[in-house]
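Commentary on secondary and tertiary structure
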Amino acid sequence: MNIAISSDHGGNNLRKEITSLLDELGHTYQDFGPQTSDSVDYPDYAQPVAQGVAAGEFDRGILICGTGIGMSIAANKVKGIRCALVHDVFSAKATRGHNDSNILAMGERVVGGGLAREIVKTWLEGEFEGGRHERRISKLSELENK
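What follows concerns the packing of helix H4 (residues 89–99) against helix H5 (residues 113–125). For the pair H4 and H5, interaxial distance at closest approach is 8 Å and the crossing angle is 20 degrees. Classified by the angle between their axes, H4 and H5 sit roughly parallel to one another. Here the hand of the crossing between H4 and H5 comes out right-handed. Residues Val89, Ala92, Lys93, Thr95 and Arg96 of H4 pack against Leu115, Glu118, Ile119, Thr122 and Trp123 of H5.

See below:
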């Protein structure tokens, strides 16, 4: 799987932990940074990931900031993105199965490295269940056109 990943300054450490996991799992990825611990604006780092996923350049995306909230809001502004803010394994599984989420957001100040690794692994392995969920995903897409 080809993954886009980014963070803001508040998610740098967790982003590095997750890129190590991606290496271990054999996924390819592009790290959009930042390569600094200086304060940066999360929309600037969410945008290339969300646009790349929406354009089909990446299969999925991962965004990390202090809480995950800002990154998830920014990503969901891009048409075609279903970014889920997740801080537990159950939600990671559910958002793939029911929401067909294509971007995962997490907060470094909320989850530790071990839990984050389990969340990412579960989310990457998750499959969209389709069925009754297809109708709901279609309704989400309709909302983007209003």
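Right, picking up where we left off after that structure.
In a beta sheet, neighbouring strands are held together by backbone hydrogen bonds and run either parallel or antiparallel to one another. Ordered by their spatial adjacency, five strands build an open sheet running S2-S1-S3-S5-S4, and the pairing between neighbours is parallel. The open sheet is flanked by strand S2 (28–31) and strand S4 (83–85), the only strands paired with a single partner. This sheet shows a mean twist of 20 degrees between the axes of neighbouring strands, independent of strand direction. As defined by bridge partners, S4 adjoins strand S5 (residues 103–107) across three bridges and the pair is classed as parallel. Paired with Cys83 across the bridge in S5 is Ile103. Against the sheet, helix H2 (residues 42–54) makes contact with strand S1 (2–7), strand S3 (60–65) and S5, and its axis sits at roughly 165 degrees relative to S3, the strand it touches most.

Moving on: the pattern of salt bridges. Summed over the entire model, instances satisfying the criterion amount to six salt bridges. Put simply, Glu24 and Arg117 hold a salt bridge, and the shortest N to O gap is 2.5 Å. Pair noted here: Glu24 is in helix H1 (residues 12–25) and Arg117 is in helix H5, with a separation of 93 residues, a long-range link. For Glu24, a relative accessible area of 56% corresponds to the exposed category. With its nearest N and O atoms 3.3 Å apart, the salt bridge here joins Asp100 to Arg82. Of this pair, Asp100 sits in the loop between H4 and S5 while Arg82 sits in the loop between helix H3 (69–75) and S4, and the two are 18 residues apart along the sequence. Taken together, the shared-partner salt bridges in this structure form one network comprising Glu17, Glu24 and Arg117.

At their nearest, the axes of H1 and H5 sit 10 Å apart, and the two run at 45 degrees to each other. What the angle tells us is that H1 and H5 run oblique. Every pair of crossing elements has a handedness; the one defined by H1 and H5 is right-handed. Contact residues: Leu14, Glu17, Ile18, Ser20, Leu21, Leu22, Glu24 and Leu25 in H1; Gly113, Ala116, Arg117, Val120, Lys121 and Leu124 in H5.

Conventions used here
- Residues numbered from 1 in each chain as written.
- Predicted model: local features only at pLDDT ≥ 70, side-chain atom pairs only at ≥ 80, totals over all residues.
- Heavy atoms only, no water.
- Axes fitted to C-alpha atoms, helices over the stretch in contact; angles between N-to-C directions.
- Helix = DSSP H or I, 4+ residues; strand = E, 2+ residues; numbered from the N terminus.
- Parallel < 35°, antiparallel > 145°, perpendicular 65-115°, else oblique.
- Left-handed = near helix turned anticlockwise from the far one by under 90°.
- Contact = heavy atoms within 4.5 Å.
- Pairing = 2+ DSSP bridges.
- Salt bridge = Lys/Arg side-chain N within 4 Å of Asp/Glu carboxyl O.
- Buried < 20%, exposed > 50% of the residue type's maximum accessible area, 1.4 Å probe, protein only.

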